[in-house]
Amino acid sequence: MRSTSDIVRKMVWGSEISHKEEKTRIAAVIAAKAKNGEVIGVGSGSTSYLTLCALAERRQREQLSLMAIPTSLEISMACWQLGIPVTTLNEYLPDWTFDGADEIDPRCNLIKGRGGAMFKEKLLIRSSPKVYILGDSSKRVERLGERFPVPVEIVPFTLSVVERSLSHLAPQGIELRMAEGKDGPVITENGNLILDVWFDQITSDLEKEIKSITGVVESGLFLDYTNVEAVYMEPK
Ligand code: 5RP
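The structure contained in this document is the topic of the report that follows. The structure displayed is predicted, hence computed values, not measured ones.

### Some remarks on the overall build of the protein
Link 1 in the chain: In terms of regular secondary structure, the protein is built from 7 helices and 12 strands.
Link 2 in the chain: When the 236 residues of the protein are sorted by exposure, 50% land in the buried category.
Link 3 in the chain: Across the protein, every contact between residues at least 6 apart in sequence was considered, and the portion connecting residues at least 24 apart equals 78%.
Link 4 in the chain: Counting every atom, the protein has about 11900 Å² of accessible surface; 52% of that belongs to carbon and sulfur.

Structure representation (structure tokens):
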């Protein structure tokens, strides 16, 4: 018997979805790729949410057997609402994954993590043979860092140590991400803080350099992932 709380059943996507028409068209293209019996990694953010909705519709219409590995609580809850069975990386590896991004450069390098879910997103992207990154026209950049900082998830008690180490990488600025709807900083699903780090130049070693700092859990920088393909839908 299915057990879904009233709150989950009535849940709606919290904020207004930017570029919704483009995102909805990409969602349909990606949902059409699903095959019966697949385990699919599901990224976070509004593009992933709309794609999950399109996938749920197909699953229902064609009676497909599908499982999802979600990258955040927000997407897990959407799976519960839509009736899509959820599993974990401890039980299954994804056949493929879809996700959004904040910036995508011409070589498919990415900045992700506006939603704060970059740790699990990176875990899924690293565990998937194929990853579709869904981009609307606002996501294309010539150079990473044009519009977004690099989010860095850190263990709370390492804040000043990490801040000092990050400052050796010549950032333009480092900000502690503050919460909306709660006092104080954003706390990730892993109980950590997020530093948003602005860089003028993102060099090819930067992802590894950030990751090598003790206290850093993960960053939202994705450089040279050969399994990643960007899929764009331009405005009509
Ligand atoms: C969340 C992410 C999202 O994929 C990214 O922020 C894009 O969001 P949206 O699809 O809402 O534009 O990285 O951590």
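Back to the write-up after that little detour.
### Points about the sheet that holds strand S7 (residues 150-154)
Link 1 in the chain: Read from one edge of the open sheet, 4 strands run S8-S9-S7-S10, paired in antiparallel fashion. Bordering the open sheet on either side are strand S8 (173-176) and strand S10 (216-219), each of which pairs with just one other strand. The average undirected angle you get between the axes of adjacent strands in this sheet is 25 degrees.
Link 2 in the chain: Where S8 lies against strand S9 (residues 193-198), 4 bridges are found, and the strand directions are antiparallel.

### Some remarks on the layout of surface pockets
Link 1 in the chain: Empty space within the largest pocket amounts to approximately 1300 Å³.
Link 2 in the chain: As for the largest pocket, its lining consists of 49 residues, and the residues nearest its centre are Trp-13, Glu-74, Arg-114, Gly-115 and Gly-116.
Link 3 in the chain: At the level of secondary structure, the elements contributing two or more residues to the lining of the largest pocket comprise helix H3 (46-62), helix H4 (73-82) and helix H5 (118-127).
Link 4 in the chain: With 5 residues, H4 is the single largest residue contributor to the lining of the largest pocket.
Link 5 in the chain: Of the residues in the lining of the largest pocket, the class split is 16 nonpolar, 18 polar and 15 charged.
Link 6 in the chain: As for the second largest pocket, its lining consists of 13 residues, of which Asp-105, Arg-107, Asn-109, Ile-202 and Thr-203 are closest to the centre.
Link 7 in the chain: Class assignment of the residues belonging to the lining of the second largest pocket gives a composition of 4 nonpolar, 4 polar and 5 charged.

### Things to note about the site of the ligand
Link 1 in the chain: Taken together, 17 residues lie near the ligand, and Ser-46, Thr-47, Asp-102, Lys-112 and Lys-139 sit nearest.
Link 2 in the chain: Between Ser-44 and the ligand, the recorded distance is 3.0 Å, taken from a backbone N or O atom to an oxygen atom.
Link 3 in the chain: In this structure, Lys-112 approaches the ligand through a side-chain N or O atom, which is 2.8 Å from an oxygen atom.
Link 4 in the chain: Taking 380 Å² as the accessible area of the ligand by itself, protein coverage stands at 96%.
Link 5 in the chain: Of the pockets mapped on this structure, the ligand occupies the largest pocket.
Link 6 in the chain: Its residues placed into classes, the shell around the ligand shows 2 nonpolar, 8 polar and 7 charged.

### Quick look at the packing of aromatic side chains
Link 1 in the chain: Tallying each qualifying case throughout the model produces 4 aromatic pairs.
Link 2 in the chain: Where Trp-96 meets Tyr-132, the ring centres are 5.7 Å apart and the plane angle is 80 degrees; that geometry is what we call edge-to-face. A residue pair is termed long-range when its members are at least 10 positions apart, and Trp-96 in strand S3 (residues 96-99) and Tyr-132 in strand S6 (residues 131-135) qualify at 36 residues. Taken individually, Trp-96 and Tyr-132 each receive the classification buried, so the pair is uniform in this respect.
Link 3 in the chain: When the ring of Phe-222 is compared with that of Tyr-225, the centres are 5.4 Å apart and the planes differ by 50 degrees; the resulting orientation is tilted.

### Examining unusual backbone geometry
Link 1 in the chain: A positive phi angle, near 50 degrees, is found at His-19, a position not held by glycine.
Link 2 in the chain: Mapped onto the fold, His-19 is located in the loop between helix H1 (6-10) and helix H2 (20-31).
Link 3 in the chain: Since its relative accessible area comes to 34%, His-19 is described here as partly exposed.
Link 4 in the chain: Non-glycine residue Asp-224 carries a positive phi angle of around 60 degrees.
Link 5 in the chain: On the basis of relative accessibility, which here comes to 47%, the residue Asp-224 falls in the partly exposed class.

### Observations concerning the nonpolar core
Generally speaking, nonpolar side chains in soluble globular proteins are found buried as a group.
Link 1 in the chain: Ile-30 and Phe-98 are the most contacted members of the largest nonpolar core, which has 28 residues in total.
Link 2 in the chain: Looking at this core, the elements with two or more residues in it are H2, strand S1 (39-42), H3, H4, S3 and S6.
Link 3 in the chain: Considering each element in turn, this core owes the most residues, 7 residues, to H3.
Link 4 in the chain: Setting aside residues no more than four positions away along its own chain, Ile-30 makes contact with Thr-51, Trp-96, Phe-98, Tyr-132, Leu-134 and Val-231.
Link 5 in the chain: Of all hydrophobic cores here, the second largest spans 18 residues; its members include Leu-144, Leu-195, Val-197 and Val-216.

Criteria and cut-off values
- Residues numbered from 1 in each chain as written.
- Predicted model: local features only at pLDDT ≥ 70, side-chain atom pairs only at ≥ 80, totals over all residues.
- Heavy atoms only, no water.
- Helix = DSSP H or I, 4+ residues; strand = E, 2+ residues; numbered from the N terminus.
- Buried < 20%, exposed > 50% of the residue type's maximum accessible area, 1.4 Å probe, protein only.
- Contact = heavy atoms within 4.5 Å.
- Areas by Shrake-Rupley, 256 points an atom, 1.4 Å probe, with all protein chains shown as cover.
- Pairing = 2+ DSSP bridges.
- Axes fitted to C-alpha atoms, helices over the stretch in contact; angles between N-to-C directions.
- 1 Å grid on protein atoms, 1.4 Å probe; cavity = no way out; pocket = protein on both sides within 12 Å on 5 of 7 lines; lining within 4 Å.
- Points joined across faces, edges and corners; volume = space filled by probe spheres on them.
- Nonpolar A, V, L, I, M, F, W, Y, C, P; charged D, E, K, R; others polar.
- Near = heavy atom within 4 Å.
- Polar contact = N/O pair within 3.5 Å; in protein donor to acceptor, adjacent residues only side chain to side chain.
- Sits in = over half its atoms within 2 Å of the grid points.
- Phe/Tyr/Trp six-rings, centres within 6.5 Å; stacked < 30°, edge-to-face > 60°.
- Core = buried A, V, L, I, M, F, W, Y, C linked by side-chain atoms within 4.5 Å.

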